[in-house]
Amino acid sequence: MSLRHRLLRLYTALCARYGPQDWWPARSRFEVAVGAVLTQHTAWTSVERAIDNLRAARRLGPGRLARLALPRLGRLIRPAGTWRLKARRLRALAVFFLARAGGGRLDRLRGAPLETLRSQLLEVPGIGPETADAILLYALGRPVFVADAYTRRVLSRHRLVPADIGYEELRRFLEGHLPRDPALFNELHALLVAVAKSHCRARPQCEGCPLRFDLRGRRPRG
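Colleague: Talk me through a positive patch on the surface; I want residue IDs and the actual numbers.
Modeller: Where like charges cluster on the molecular surface, the positive patch consists of Arg9, Arg159, Arg216, Arg218 and Arg221. Counting through the fold element by element, Arg216 comes out in the segment after α11 (182-198).

Colleague: So, unusual backbone geometry: which residues are in play, and what are the values?
Modeller: Keep in mind that most residues, glycine aside, have a negative phi and that most peptide bonds are trans. A cis amide bond links Trp23 with the next residue in sequence, Trp24, at an omega value of 5°. The topology assignment puts Trp24 in the loop between α1 (3-18) and α2 (29-38). Even without glycine at this site, Arg58 takes up a positive phi of about 60°. Counting through the fold element by element, Arg58 comes out in the loop between α3 (44-56) and α4 (62-66). Assessed through its relative accessible area of 57%, Arg58 is described here as exposed. Phi is positive for Arg216, which is not a glycine, with a value near 55°.

Colleague: Go over the nonpolar core, please, and point to the residues and values.
Modeller: Core analysis: the largest hydrophobic core is formed by 75 residues, its most contacted members being Val34, Leu38, Ile77 and Phe97. Setting aside its immediate chain neighbours within four residues, Phe97 contacts Phe30, Ala33, Pro62, Gly102, Gly104, Leu106, Leu109 and Ile135.

Colleague: How would you explain the side chain of His158 if you had to name every residue and give the values?
Modeller: Here His158 is to be found in the loop between α9 (149-157) and α10 (167-177). Residues contacting His158, with those up to four places away along its chain left out, are Arg6, Leu211, Asp214 and Leu215.

Colleague: Just give me the short version of the pattern of salt bridges, but keep the residues and values in it.
Modeller: Considering all chains together, one arrives at eleven salt bridges under this definition. The partner of Asp107 in a salt bridge is Arg29, with the nearest N and O atoms 2.4 Å apart. On the criterion of sequence distance, the pair formed by Asp107 in the loop between α6 (83-100) and α7 (114-122) and Arg29 in helix α2 is long-range, its members being 78 residues apart. Between Glu31 and Arg55 there is a salt bridge, with the nearest N and O atoms lying 2.8 Å from each other. Placement of the pair is Glu31 in helix α2 and Arg55 in helix α3, with a sequence separation of 24 residues. Relative accessible area serves as the criterion here: at 24%, Arg55 is assigned to the partly exposed category. It is possible to trace a salt-bridge network through shared partners that takes in Arg118, Asp133, Glu168, Arg171, Glu175 and Arg180.

Colleague: Quick rundown of α3? Include the residues and the values.
Modeller: With 13 residues, α3 should reach 18 Å at 1.5 Å per residue; the first-to-last C-alpha distance of 18 Å fits that figure. Three or more residues of α3 are buried, namely Ser46, Val47, Ala50, Ile51 and Leu54. Down the axis, α3 shows its buried residues gathered within 135° of arc, on one side only. Of the residues one or two after α3, Arg58 is the one with positive phi, at around 60°.

Cut-offs and rules
- Residues numbered from 1 in each chain as written.
- Predicted model: local features only at pLDDT ≥ 70, side-chain atom pairs only at ≥ 80, totals over all residues.
- Heavy atoms only, no water.
- Patch = residues over 30% accessible without salt bridge, like charges linked within 9 Å, V, L, I, M, F, W, Y side chains within 5 Å.
- Areas by Shrake-Rupley, 256 points an atom, 1.4 Å probe, with all protein chains shown as cover.
- Salt bridge = Lys/Arg side-chain N within 4 Å of Asp/Glu carboxyl O.
- Lys, Arg positive; Asp, Glu negative; His and termini not counted.
- Charge placed at Lys NZ, Arg CZ, Asp CG, Glu CD.
- Helix = DSSP H or I, 4+ residues; strand = E, 2+ residues; numbered from the N terminus.
- Buried < 20%, exposed > 50% of the residue type's maximum accessible area, 1.4 Å probe, protein only.
- Core = buried A, V, L, I, M, F, W, Y, C linked by side-chain atoms within 4.5 Å.
- Contact = heavy atoms within 4.5 Å.
- Expected span 1.5 Å × (residues − 1).
- Arc of directions from axis to C-beta.

Shown next as structure tokens:
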């Protein structure tokens, strides 16, 4: 069985169990990008409170956010934790979009050369590979897989990748063995997070897992 076929079988099984995940919950592309920064090392419920504050203050736009004084921005996003650091990162990202997306109109980036755009995002202070890829996939609909720790845990336990695989290598593996479809990448990533939280935890709970068939009677690796 090819790796592509096996990955798609996992996707089908996850869809059957969990259904559509409807990621990323947001009202605009910029809100998705803001959420991608705020969710760094933070539970999503805390991110939602911070975004609600920004929305109530009418600051969920690149121009409006960039003009906000850092102390005020920090107070608004305080529920998301490390607010001083994240305030600087959000302002830098807003300034990037204002400069790169014609006044902050993120739709204009959907046709930009992907590798160039990713490299430019990675130059924004505080934007690492996982955050950049979340912005590219979920905010801009680009075919980039978010190869996070949940994804690595599930795939390594199913012996599809080494347990110590790095982020970029895992991203290239997935993008190289799946159809380059942003909708597929979006849904599969969200579904892998769902199964990692419900079954493929730090201590695996394989009983009832929708992916148990793929182990073919073996224990999960690690």
